[in-house]
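# Examination of the molecular architecture
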Amino acid sequence: MAQGPDLILRIDRLDPGGGGRPLFQGLRLQVPPGQVVALIGPSGVGKTTLLRVLSGAERRWQGEVKVGGLPAAEAPVPGYVFQDARLLPWLSAEDNLRAVAPGLSSDRIAELLREVGLSGQETAWPHALSGGMQRRLALARALSVHPRLLLLDEPFVSLDRAMVRDLQTLFLKVFSDFEPTVVMVSHDPEDAARMADRAIVLNGRPARIVADVTLPGRRGLRSAQDIARLAADLAEAGAPADAAT
Amino acid sequence: MNRTRNSAAGAAPSGWTPFRLAEGAPAARTLPTRPDLGPRWLELASLPLLLVLWQVSAAIAQSRFLPGPALVASEIWTLAREGTLVGDFAATLARALAGFVLAMGIGTALGIALGRTVWADRLFAPWVVVGLNIPAIVVGMICYISLGLTDFALILAVVINKVPLVTTMMREGVRALSADHDELAATFRMPRARYLRLILVPQLMPYLLAAARAGLSLVWKMVLVFEVLGSDGGVGFRVGLYFQLFDMQGILAYTCCFVAVILALEYGVLRPIEGRVLRWRKDRT
C-alpha cells in the first residue's frame, strides 16, 4: 500500500550567480504521488529557481533531483504554469497547446479547453482573451503534456480577487481530476491554506526549510476560519507577514 | 463594477441608486479598439490624384521637358513593342533580385550572430557602422575598378551596401528576443527545430519584413545607379542614355514602369506576406 516518493529533491548546493553565497545548500524534500505542496517564502528566497530545478530547466546545481524515479532532466516533461500566462502571441489558443504537445488531436484540445472553461476558443488569439482566460489557457497548456508533475509559479499573481477565486476553484478541480503531484509556489500563505495538502516555508540565504506542515482537513474544503488560522500560522512560521494580512 | 453591469442590463437591485452624471459633465468615451485609418477611398484615390496633378502641371508648363502622362504612356507602349523595355527590366530585375536575396541572407545571418554573441558584436559593430556610412557610389566604383564592368561586380557592390542595414535591423531583432519565451521552450523541452519555427522566427519576422522593405527600395536604387555608372543594359543604363539625349519622355517612361513594378511588389508580394505573417498582432485584428 505504501508508495515511494514521486519527487525526491536533494540539493547540496545551488549557486546561479556562481562563486557567491549559494541560494540553496543542503535542501532535502520528498513528495508522495498526488500530493499538492505549496512552497511559500519571501521574494528572492529562490522559490521559482527551485521550480526550474524540478522542471529540469535549471542545471547549475549539485545533488540529486528525481521525478518518478528518473533524474529531473530525463523525466517526462512537467506541466508548468508561469507567473504570467506566457502564451505565444502569434499562435492561436489551440496552436499554443500544440507548441508544447505537437501530437494533440483536435478532440483532445477541445476537451482540454472545455476542462479549463474555454470551450470554443480554439482559434482565438491570446490578445483577444482576458487576463483570467489567458491563465486558463496556460493551465490547459500545462495539462496538454499529460504531466505527472505540475509546477505552478505564483499562478494567481496580478489578478483581481474574483478572478483568483475562480481560478483557485478551477485548479482544485484539475488537481482532483488529473491527480498530478503538484508543487505550487506562492508568496501568500492563504493560497497554501486553501489549496494545498502540505506547506513548506522557505527562508534565509542559503534558503532552508523553516517549516514543513501537513495541513489539516481536505484541500478546497477548509472553512474560511480554518484558512485564516492556517495562513496566520504559516505566516508566523516564516512567510512574509504582509502577505498574510 | 457589478453595479454598472446591472444598470446597463436595466435590472438595478432594490435599494440601490444608480450613478448619474452631473449636468453638463462630459459623457464617458469608449476607447477605440483600433486606430481610425480614415476612409479606404483615400488610399485608392492617392495615385490617380498624382496623375491629375502631373497632367495639370504638364498642361501649364507646355514644355518638352515635362511631357504629360498620355505622352509618356504612348512612349511606354512604343518601347514595349520594340522589346527594349522588357529586356532592360529583365536584366535589372535579375540583378536586383540576386543582390536582394544575397544581402538579406548574409545580413540576417550576421545580424543573428552579432545579436547573440557579445564578443562578435564588440569586434564587428564598428565595421557595420563603417559599412552603413560608406557612400554607395564609392563602393560601386571600387567594385567596378577591381573586378571590371561585370554583373558580378554590380551585384557585389549592391550586397556590400545593403548587408550592413539588414545586419543592423536583425541584430536589433535578436536583442529584443524574449528571454521568457526561451524559458518556456526550455521548460517544455522544445526540440531545436520547433523552437526555431515557433519561437525564434516569429519574433524576428517583423524585423525581417522591415529589413526587406527598406532593403528592396535601397537595392533598386543602387542597381540603377550602378547600371548608369557602368553596364551594357538594364533600366539604369537606358535612363543614362536618355539623360545624354535630354529625352525626358524616355526617362519618365522607364521611371513609370519602374514605379509600377515597385508598387506591384509592395501590394502584390510584401503586403500580403506581412498581412499573413503578422495577422496575430492586436492592431491587425
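### Points about the overall build of chain A
- Broken down by element type, chain A carries eight helices and ten strands.
- The C-alpha atoms of chain A give 18 Å as radius of gyration, which agrees with the globular expectation for 245 residues (18 Å, within 12%).
- With the C-alpha coordinates of chain A rotated into their principal frame, the extents come out at 45 × 40 × 40 Å.
- Considering only residue pairs separated by 6 or more positions, chain A has 70% of its internal contacts joining residues 24 or more positions apart.

### A closer look at helix H7 (residues 224-237) of chain A
Residues and elements named next belong to chain A.
- Spanning 14 residues, H7 covers 20 Å between terminal C-alpha atoms, matching the ideal 20 Å at 1.5 Å per step.
- Among all positions of H7, only Leu230, Ala231, Leu234 and Ala235 are buried. In a view along the axis of H7, the buried residues occupy a sector of 140°, so they form one face of it.
- Two residues or fewer after H7 comes Gly238, characterised by a positive phi angle close to 145°.

### So, the interface of chain B and chain A
- Listed by partner, the interface residues are 14 residues for chain B and 14 residues for chain A.
- Elements with a contribution of two residues or more to the side of chain B that touches chain A: helix H8 (179-187) and helix H9 (192-229) of chain B.
- Counting residues per element, the side of chain B that touches chain A draws most heavily on H8 of chain B, which supplies six residues.
- A breakdown of the residues in the side of chain B that touches chain A according to their chemical character gives seven nonpolar, three polar and four charged.

### A closer look at the confidence of the model for chain A
- Within chain A, residue pLDDT values average 86, and 94% of them lie at 70 or more.
- Long-range and interchain partners of residues 239-245 of chain A, a stretch whose pLDDT sits below 50, account for 17 contacts in this model, where long-range means more than four residues apart.

### Points about helix H7 (residues 151-175) of chain B
Residues and elements named next belong to chain B.
- Under the 1.5 Å per step criterion, the end-to-end length of H7 is 36 Å for 25 residues, consistent within 8% with the ideal 36 Å.
- The sharpest bend along H7 comes to roughly 30°, located at Lys162, with the proline Pro164 sitting one to four residues further on.
- Here H7 lies mainly inside the structure; 20 of its 25 residues are buried.

### Some thoughts on the sheet that holds strand S7 (residues 149-153) of chain A
Residue and element names in this part refer to chain A.
- Read from one edge to the other, the open sheet built from six strands follows the order S6-S7-S8-S3-S9-S10, with strand pairing classed as mixed. Two strands lie at the open edges of the sheet, namely strand S6 (79-81) and strand S10 (208-214), each paired on one side alone. Sheet twist, expressed as the mean angle between neighbouring strand axes with direction ignored, is 15°.

### Examining the confidence of the model for chain B
Residue and element names in this part refer to chain B.
- Summary statistics for chain B give a mean pLDDT of 84 and a share of 85% for residues scoring 70 or more.
- Element-level pLDDT for chain B is lowest in helix H1 (residues 2-8), with a mean of 38, against a maximum mean of 94 in H7.
- Below a pLDDT of 50 lies the segment residues 1-22, which in the model reaches eight contacts outside its immediate sequence neighbourhood of four places, other chains included.

### Observations regarding the sheet that holds strand S1 (residues 7-14) of chain A
Residues and elements named next belong to chain A.
- Taking strand neighbours across the sheet as the criterion, the four strands line up as S2-S1-S4-S5 in an open arrangement whose pairing is antiparallel. Single-partner strands in this sheet number two, and they are strand S2 (24-31) and strand S5 (70-71).
- Of the strand pairs in this sheet, strand S4 (residues 61-67) and S5 are connected by two bridges, and their pairing is antiparallel. Paired with Lys66 across the bridge in S5 is Pro71.

### Re the pairing of S10 of chain A
Residues and elements named next belong to chain A.
- Inspection of the sheet shows strand S9 (residues 198-203) paired to S10 by six bridges, in the antiparallel sense. Paired with Val201 across the strands is Ala211, a residue of S10.
- As consecutive antiparallel partners, S9 and S10 are separated by four residues, and within that stretch Gly204 has a phi angle of approximately 90°, a positive value.

### A short note on unusual backbone geometry
- That bond from Arg205 of chain A to Pro206 of chain A is cis: its omega, 0°, falls within 30 degrees of zero.
- Positionally, Pro206 of chain A belongs in the loop between S9 and S10.
- The backbone phi angle of Gln62 of chain B is positive, close to 50°, even though this residue is not glycine.
- Note that Gln62 of chain B resides in the loop between helix H2 (40-61) and helix H3 (69-82).
- According to the C-beta neighbour criterion, Gln62 of chain B is exposed, with 8 such atoms within 10 Å.

Here is what the cut-offs are and how they apply
- Residues numbered from 1 in each chain as written.
- Chains lettered and ligands numbered in written order.
- Predicted model: local features only at pLDDT ≥ 70, side-chain atom pairs only at ≥ 80, totals over all residues.
- Helix = DSSP H or I, 4+ residues; strand = E, 2+ residues; numbered from the N terminus.
- Rg over C-alpha atoms; globule rule 2.2 N^0.38 Å.
- Contact = placed C-beta atoms within 7 Å.
- Expected span 1.5 Å × (residues − 1).
- Buried ≥ 20, exposed ≤ 12 C-beta atoms within 10 Å, placed from the backbone.
- Arc of directions from axis to C-beta.
- Nonpolar A, V, L, I, M, F, W, Y, C, P; charged D, E, K, R; others polar.
- pLDDT = per-residue confidence, 0-100.
- Bend = angle between axes of the 7 residues up to and from the residue.
- Pairing = 2+ DSSP bridges.
- Axes fitted to C-alpha atoms, helices over the stretch in contact; angles between N-to-C directions.

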